[in-house]
Amino acid sequence: MRGVFAAGVLNAFGSEKFDPFDIYIGVSAGACNLASHLAEQNDRNYDIIEKYSSTKRFINYRRFLFGGHLMDLDWLWEMTIREYRLDLKKIFYKLKKMNKEYLVVATSMETGRALYLKPDEGTLEHYLKVSSSLPILYRTVLEVNSEKVTDGGVADSIPVMEACRRGATDITVIRTRPSGYVKKESSISFLFPVLFRKYPRFAEAMKNRPAVYQEAVRFISHPPEGIRIREIAPPSYLEAGRVTTDLEVLHAAYKSGKDYGKRFIDDQRINNVNRRRNITL
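Report follows, based on the coordinates. (Residues numbered from 1 in each chain as written. Predicted model: local features only at pLDDT ≥ 70, side-chain atom pairs only at ≥ 80, totals over all residues. Heavy atoms only, no water.)

Section: unusual backbone geometry
Alright, step 1. The phi torsion at Asn99 lies on the positive side, around 55°, for a residue other than glycine.
Alright, step 2. Mapped onto the elements, Asn99 comes out in the loop between helix 6 (88–97) and strand 2 (101–108).
Alright, step 3. Residue classification places Asn99 among the exposed positions, given a relative accessible area of 69%.
Alright, step 4. Within the chain, Asn145 stands out as a residue other than glycine whose phi angle is a positive 50°.
Alright, step 5. Within the secondary structure layout, Asn145 lies in the loop between strand 4 (142–144) and strand 5 (147–151). (Helix = DSSP H or I, 4+ residues; strand = E, 2+ residues; numbered from the N terminus. Buried < 20%, exposed > 50% of the residue type's maximum accessible area, 1.4 Å probe, protein only.)

What follows is the structure, given as structure tokens:
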């Protein structure tokens, strides 16, 4: 649900036909946001939040206490594929025609490492579910090519270094947390070796998640020479969290994302005009 800000940013990008990017790398809700952006279904992500994700059918504490999912991805995927499906043909036609690349990040439960999955029409919806399958909160362990996999945010929440490794030199990062956010160790990290005893490397990745996250944040602030990184991060006063279902709060975060996205586009267009005129500000 915290991804609602990023959904607003990408709504602005799509509405303004702003898409100068060669490669897209999405994690969890971010991967879903990017899929709708590429499909040119600009309102889809917020519509799904409003109609499905914010309901008790999706997020249900009572069900979780009795051994079920806190977030029922099975139901959400079934309903949205049936009633509000991605335009898969448009996504992959566009990627092929424009020679662009789209990657969905997942985490291997067997190695604890990030997987950068390249989807096609037949695999995208499953990969998005995999990348969004928050461990503990969603109890089913999914697979990709017979490998146990889960939420991409465990191993690489902000895949900016992966973008750099793939040759990107001008990178835009859309955050779900404010710029000054510091990720802290989970209060239940001592339970990870027990909860994930079948997957000790994954348990270690869960424990190391804050350090990996902060390493990415430092990389954004201090990129290597020749690499430009711009970030669009939500303001600290926004209240939308991982399990927020208050539509007023979610709408405010979405509107903020649209405003920030439009401002970013305007800044880029001004900068492009100034470069053409050889103006330094």
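Thoughts on the nonpolar core
Alright, step 1. Among the nonpolar cores identified, the biggest contains 58 residues, and Val4, Phe13, Leu86, Ile91, Tyr102, Leu124 and Leu128 are the most heavily contacted of them.
Alright, step 2. Looking at this core element by element, the count peaks at seven residues for helix 1 (residues 4–15).
Alright, step 3. In this view, Tyr102 contacts Tyr24, Ala31, Leu34, Ala35, Leu38, Leu95, Leu117, Lys118, Pro119, Leu124 and Leu128; residues no more than four positions away in its chain are not counted. (Core = buried A, V, L, I, M, F, W, Y, C linked by side-chain atoms within 4.5 Å. Contact = heavy atoms within 4.5 Å.)

Things to note about the packing of aromatic side chains
Alright, step 1. Summed over the entire model, instances satisfying the criterion amount to twelve aromatic pairs.
Alright, step 2. Between Tyr52 and Trp75, the ring centres sit 6.1 Å apart and the planes meet at 65°, which makes this aromatic pair edge-to-face. Separated by 23 residues along the polypeptide, Tyr52 in helix 3 (residues 44–53) and Trp75 in helix 5 (residues 73–83) bring together distant segments of the chain. Both residues of the pair, Tyr52 and Trp75, count as buried.
Alright, step 3. Members of the aromatic cluster, connected to one another through ring pairs, are Phe13, Phe18, Phe21, Tyr24 and Phe264.
Alright, step 4. In this arrangement the basic side chain of Lys183 is found over the ring face of Tyr213, its NZ or CZ atom lying 5.5 Å from the centre. (Phe/Tyr/Trp six-rings, centres within 6.5 Å; stacked < 30°, edge-to-face > 60°. Lys NZ or Arg CZ within 6 Å of the ring centre and 35° of its normal.)

Observations regarding the packing of helix 1 against helix 2 (residues 29–38)
Alright, step 1. In the contact formed by helix 1 and helix 2, the axes pass within 10 Å of each other and the chain directions differ by 15°. By the angle class used here, helix 1 and helix 2 are roughly parallel. Here the hand of the crossing between helix 1 and helix 2 comes out right-handed. Residues Ala6, Ala7, Leu10, Phe13 and Gly14 of helix 1 touch helix 2, and the partners they reach there are Asn33, Leu34 and His37.
Alright, step 2. Its residues assigned to classes, the contact of helix 1 with helix 2 comprises five nonpolar, three polar and no charged. (Axes fitted to C-alpha atoms, helices over the stretch in contact; angles between N-to-C directions. Parallel < 35°, antiparallel > 145°, perpendicular 65-115°, else oblique. Left-handed = near helix turned anticlockwise from the far one by under 90°. Nonpolar A, V, L, I, M, F, W, Y, C, P; charged D, E, K, R; others polar.)

Taken by themselves, the reported measurements are silent on function.
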